[in-house]
Amino acid sequence: VHGIAIKMGVIPCCCKKEGEASLANFDDGNGRNSFKADYGSLILKKTLEFPVAERNINIFERNAGFSFSREALLNFLLKEKSTTESYEEKLNTPQIRLWLKWGSVFEPSKPLLKIRFSFGKDIEPMDLIELLTHKRMAWDKNLLAYKEVEKLTSEVSIYYYSVKSPILFVQARDFVEKRVQFSENSVYYAYSSSTPDSVYPISKDFQRCETILSGTIIGMEDGEFVYYTFSQVDLKIPSLPRALISSFFPTSTKSFYEELTKALAKYKENKAQQKP
């Protein structure tokens, strides 16, 4: 169960390609453009439709008639961010709020987590996004592997990653996901979900799991930078009592936040030391 909360932070690795230019304007609320650096495929075009190939759409999305238009994805992410229906708050601190409910529009029984992390107003959002993407392996001890296996457009890619087992003596888990990411009104958004297993070979060393839905929103709220993440996954673990499952989430979420804030501080310090 620990792996569910850890998995929620994983968003696409976006590596800059030579000649690509920044297209977004991420205002930090103080008139600074925090996306001033050239960051390649992370900074996205304002396309209306995302070309998610038919073979990458999973059974949950097919059954729900899910749309991959820009408008539909934005509405889906914002609705999940703002809704309180059926959610139960499991953690409330100045830095972390954690909610849990059972089931989603895609699947009726698996736990769906929603977390709001606060980072104050003095961080660079680019640093946060870099640490959650292509610098993730440097600090996240639960992640075993992470790679892009197919790039469909600058906004849509297929990713493979594996994580340590959330339970002792249980096989490590892996995921294959399609990721859609875009910016809108100075806010970064990402949506991901599993592809059918046929998209990437299954390894005997891992239990292939399913990301039923996963979302990320990073931007300014109430004068500070916040990182919303929500996720519903199937870790292919035999059923456990709901009360027992729920009890794991606050601890694992706090641990994730502590490790991420340490990584942010270290990354900021390293950048300062490299300045002439």
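Residues numbered from 1 in each chain as written. Predicted model: local features only at pLDDT ≥ 70, side-chain atom pairs only at ≥ 80, totals over all residues. Heavy atoms only, no water.

Visitor: Sorry if this is basic, but what is going on with the layout of surface pockets here?
Guide: Gaps between atoms show up when a probe of the same size as a water molecule is rolled over them. What the second largest pocket holds in volume is close to 360 Å³. Lining the second largest pocket are 16 residues, with Phe 76, Lys 79, Glu 80, Ser 104 and Val 105 positioned closest to its centre. Of the residues forming the lining of the second largest pocket, the biggest block, 4 residues, is contributed by helix α3 (residues 70-82). (1 Å grid on protein atoms, 1.4 Å probe; cavity = no way out; pocket = protein on both sides within 12 Å on 5 of 7 lines; lining within 4 Å. Points joined across faces, edges and corners; volume = space filled by probe spheres on them. Helix = DSSP H or I, 4+ residues; strand = E, 2+ residues; numbered from the N terminus.)

Visitor: Would you mind showing me how to read unusual backbone geometry here?
Guide: For residues besides glycine, phi is generally negative; the peptide bonds are generally trans as well. A positive phi is found at Ser 186, a non-glycine position, where the angle reads about 70 degrees. The topology assignment puts Ser 186 in the loop between β6 (173-184) and β7 (187-194). The class for Ser 186 is partly exposed, based on a relative accessible area of 25%. Even without being glycine, Lys 236 reaches a positive phi, approximately 55 degrees. Within the secondary structure layout, Lys 236 lies in the loop between β10 (224-234) and α5 (242-274). (Buried < 20%, exposed > 50% of the residue type's maximum accessible area, 1.4 Å probe, protein only.)

Visitor: What exactly am I supposed to notice about the packing of helix α4 (residues 125-132) against α5 here?
Guide: For any two helices packed against each other, one specifies the inter-axial angle together with the distance between the axes. For the pair α4 and α5, interaxial distance at closest approach is 10 Å and the crossing angle is 120 degrees. The angle between α4 and α5 places the two elements in the oblique class. The way α4 lies across α5 gives a crossing that is right-handed. In contact with Asp 127, Leu 128, Glu 130, Leu 131 and Leu 132 of α4, α5 contributes Phe 256, Leu 260, Ala 263, Leu 264, Tyr 267 and Lys 271. Here the contact of α4 with α5 is composed, by residue class, of 8 nonpolar, no polar and 3 charged. (Axes fitted to C-alpha atoms, helices over the stretch in contact; angles between N-to-C directions. Parallel < 35°, antiparallel > 145°, perpendicular 65-115°, else oblique. Left-handed = near helix turned anticlockwise from the far one by under 90°. Contact = heavy atoms within 4.5 Å. Nonpolar A, V, L, I, M, F, W, Y, C, P; charged D, E, K, R; others polar.)

Visitor: Even after reading the chapter, I still don't get the nonpolar core, so can you show me in this structure?
Guide: Most often, soluble globular proteins keep nonpolar side chains buried together rather than apart. If you look at the biggest cluster of nonpolar residues, it comprises 27 residues, and the most contacted ones within it are Phe 117, Phe 119, Leu 128, Leu 132, Tyr 227 and Leu 260. Elements represented by at least two residues in this core include exactly β2 (96-102), β3 (111-118), α4, β7, β10 and α5. Excluding residues within four positions of it along the chain, Phe 117 makes contact with Gln 95, Ile 96, Phe 225, Val 226, Tyr 227, Thr 229, Thr 253, Phe 256 and Tyr 257. The next biggest cluster of nonpolar side chains, apart from the first, holds 26 residues, and it includes Trp 99, Ile 212, Val 226 and Phe 230. (Core = buried A, V, L, I, M, F, W, Y, C linked by side-chain atoms within 4.5 Å.)

Visitor: Sorry, what's going on with the pattern of salt bridges here?
Guide: Pairs can form between side chains of opposite charge whenever their charged atoms are close. Counted according to the given criterion, the structure contains 20 salt bridges. Each of Lys 81, Arg 116, Glu 221 and Glu 224 takes part in a single network of salt bridges with overlapping partners. (Salt bridge = Lys/Arg side-chain N within 4 Å of Asp/Glu carboxyl O.)

Visitor: Would you mind showing me how to read the packing of aromatic side chains here?
Guide: For any pair of aromatic rings, the description rests on two quantities: the centre-to-centre distance and the angle between the ring planes. With the rule as written, the count across this model stands at 18 aromatic pairs. With centroids separated by 5.3 Å and ring planes inclined at 85 degrees, the aromatic side chains of Phe 66 and Phe 68 adopt a geometry described as edge-to-face. Here the aromatic cluster, defined as three or more aromatic residues joined through ring pairs, consists of Phe 117, Phe 119, Trp 139, Tyr 227, Phe 256 and Tyr 257. The side chain of Lys 114 reaches across the aromatic face of Tyr 87, ending 4.6 Å from its centre. The residue whose ring lies beneath Lys 114 is Trp 99, and the NZ or CZ to ring-centre distance is 5.2 Å. (Phe/Tyr/Trp six-rings, centres within 6.5 Å; stacked < 30°, edge-to-face > 60°. Lys NZ or Arg CZ within 6 Å of the ring centre and 35° of its normal.)

Visitor: Would you take a moment to explain the confidence of the model for the chain for this structure?
Guide: Of the residues in the chain, 82% have a pLDDT of 70 or more, and the chain-wide mean is 82. Across residues 1-6, where pLDDT falls below 50, the model places 23 contacts with residues more than four positions away in sequence or in other chains. Overall, residues 11-46 carries pLDDT values under 50, and its contacts beyond four positions in sequence, including any with other chains, amount to 98 contacts. (pLDDT = per-residue confidence, 0-100.)

Visitor: I would appreciate a short explanation of the side chain of Thr 133 in the present structure.
Guide: Tracing the chain through its elements places Thr 133 in the loop between α4 and β4 (143-151). On the basis of relative accessibility, which here comes to 1%, the residue Thr 133 falls in the buried class. Only 2.7 Å separates the side chain of Thr 133 from the backbone oxygen of Ile 129, close enough to count as a polar contact. (Polar contact = N/O pair within 3.5 Å; in protein donor to acceptor, adjacent residues only side chain to side chain.)

Visitor: What is the right way to read the pairing of β7 from this model?
Guide: Across the 8 residues that make up β7, a large majority, 8, are buried. Every second residue of β7 is oriented toward a common face, with Val 187, Tyr 189, Tyr 191 and Ser 193 on one face and Tyr 188, Ala 190, Ser 192 and Ser 194 on the other, all of them buried. Sheet topology places β6 next to β7; 8 bridges connect them, and they run antiparallel. Considered in β7, the bridge of Val 180 is made with Tyr 191. Counting the residues in the hairpin turn of β6 and β7 gives 2 residues, including Asn 185, whose phi is positive at 50 degrees. Relative to strand β9 (residues 210-221), β7 runs antiparallel, the two being bridged by 5 bridges. Note on β9: the bridge partner recorded for Tyr 189 is Ile 217. (Pairing = 2+ DSSP bridges.)

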